[in-house]
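# Geometric and topological summary
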Amino acid sequence: MNDSDIEKFKEDIEIILFQKNKIDFINRIINDIIYQWKLPLSIISTASTGIKLKKELNLLNDEELISSMELINNSTQELSNSIDEFKHFINNTNNTTQTFSISELFEHIFKLLNIEFFPENIEIKKNIQNIEICSLKNKLSLVLINILNNSIDSILNQTLSNKKIIFIKTYKKDNFLIIEIKNSIKILNDESILALYDFNVTYEELFRKAKIDLYLSIKIIKKFLDGDILISNKNFIYNNKNYEGTSFLIKLKL
């Protein structure tokens, strides 16, 4: 097998891993939607059963009927919105560049991941400017989702008493869009970060030392989005308290 055959083989492997990465995320979101739907479905069931029972007992007045119908309508809207966000992600397969707002992209991502953030008391500190960029929207979306999913999973698996915070900041510098995501807890050790940037590392080592989805995210930023991403562990102060966390700094041309 010559060098070109080896390179082609590596590219084929990465295509398979890219698809697996997206399928894994889709499976995760489906499970989240199932969990997310339980409450509104329970509300709809309780409200409709209550209407039926009170009607049979001639205890249903107009005020209670209107209130129950509004509750049912709000719950169905919540179900519909979660499906719309899911469809937006699944259908966003356009591999041509398009102009979009980074703030709107983050809003879609927040809605997709909403069920994971708040029940576990993870605090999200957002400073997201409304900046437009012309890029591959679906590729950037997958990168940001990978980073946030890794941040959430790592923070939830930590037994430390540190406050669970994810900082998200976007701003324009010169002719670049800067996206900065920081965690209040270190989610990668230094060896794992080095492995992510070693494009000669074997996939076996990647699975053992680091996160394969973060490795793919670096490749997407550099290869498809013509940008750069710096992952590092650093100390920072928030509300007079010192944190040692992991920082993701993405730089994209505007």
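If you're wondering where the values come from, they're calculated on a predicted model, not measured in any experiment.

With that settled, the discussion passes to the nonpolar core. Core analysis: the largest hydrophobic core is formed by 44 residues, its most contacted members being Ile102, Leu140, Leu144, Ile166, Ile179, Ile181 and Ile250. For this core, the secondary-structure elements that each account for two or more residues are helix H3 (102-117), helix H4 (137-157), strand E4 (165-173), strand E5 (176-183), helix H5 (190-197), helix H7 (212-224), strand E6 (228-238) and strand E7 (241-253). Among residues more than four places away in sequence, those in contact with Ile102 are Gln129, Ile131, Leu140, Leu144, Thr170, Leu177 and Ile179.

This brings us to the pattern of salt bridges. Evaluation of the coordinates by the stated rule reveals 6 salt bridges. Between Lys52 and Glu56 there is a salt bridge, with the nearest N and O atoms lying 2.7 Å from each other. Here Lys52 pairs with Glu56, and both are found in helix H1 (residues 3-56), just 4 residues apart, close to one helical turn. Like Glu56, Lys52 is exposed. The shortest N-O distance in the salt bridge between Asp228 and Lys222 comes to 2.9 Å. Residue class for Lys222 comes out partly exposed when judged on its relative accessible area of 33%.

Moving on: the confidence of the model for the protein. On average, residues of the protein score 78 in pLDDT, and 71% of them reach the 70 mark or higher. Taking the mean pLDDT of every element in the protein, the minimum, 60, falls on helix H6 (residues 203-209) and the maximum, 94, on E5.

With that settled, the discussion passes to unusual backbone geometry. Phi is positive for Asp174, which is not a glycine, with a value near 55°. Looking at the secondary structure, you find Asp174 in the loop between E4 and E5.

Here the focus is H5. What H5 keeps buried is the set Ser192, Ile193, Ala195 and Leu196. Here the buried residues of H5 occupy an arc of 160° about the axis, which is enough to place them on one side. The opening residue of H5, the one whose side-chain oxygen lies 3.3 Å from the backbone nitrogen of Glu191, is Asn189.

It is worth spelling out the sheet that holds E6 at this point. In space, the 5 strands of this open sheet follow the order E2-E4-E5-E7-E6, with mixed pairing throughout. The open sheet has two free edges, formed respectively by strand E2 (123-128) and E6, since each of these has just one partner strand. Averaged over all adjacent pairs, the angle separating strand axes in this sheet is 20°, with direction ignored. The pairing of E4 with E5 spans 8 bridges and is classified as antiparallel. Along E5, the bridge assignment pairs Lys173 with Phe176. Contacting E4, E5, E6 and E7, H4 crosses the sheet at an angle of about 15° to E5.

Another point: a nonpolar patch on the surface. A cluster of nonpolar side chains, Leu53, Leu57 and Leu59, forms an exposed patch at the surface whose accessible area comes to about 300 Å². Position of Leu57 relative to the elements: it lies in the loop between H1 and helix H2 (62-91).

The residue Ile237 is located in strand E6 in this model. For Ile237, a relative accessible area of 65% translates into the label exposed.

Mapped onto the fold, Ile187 is located in the loop between E5 and H5. Residue classification places Ile187 among the buried residues on the basis of a relative accessible area of 12%. When the C-alpha atoms of Ile187 and Gly245 are compared, they prove to be 7.0 Å apart, with 58 residues separating the residues in sequence. Excluding residues that lie within four positions of it along the chain, Ile187 makes contacts with Asn150, Ser151, Ser154, Thr246 and Phe248.

Parameters at a glance
Residues numbered from 1 in each chain as written. Predicted model: local features only at pLDDT ≥ 70, side-chain atom pairs only at ≥ 80, totals over all residues. Heavy atoms only, no water. Core = buried A, V, L, I, M, F, W, Y, C linked by side-chain atoms within 4.5 Å. Buried < 20%, exposed > 50% of the residue type's maximum accessible area, 1.4 Å probe, protein only. Helix = DSSP H or I, 4+ residues; strand = E, 2+ residues; numbered from the N terminus. Contact = heavy atoms within 4.5 Å. Salt bridge = Lys/Arg side-chain N within 4 Å of Asp/Glu carboxyl O. pLDDT = per-residue confidence, 0-100. Arc of directions from axis to C-beta. Polar contact = N/O pair within 3.5 Å; in protein donor to acceptor, adjacent residues only side chain to side chain. Pairing = 2+ DSSP bridges. Axes fitted to C-alpha atoms, helices over the stretch in contact; angles between N-to-C directions. Patch = residues over 30% accessible without salt bridge, like charges linked within 9 Å, V, L, I, M, F, W, Y side chains within 5 Å. Areas by Shrake-Rupley, 256 points an atom, 1.4 Å probe, with all protein chains shown as cover.

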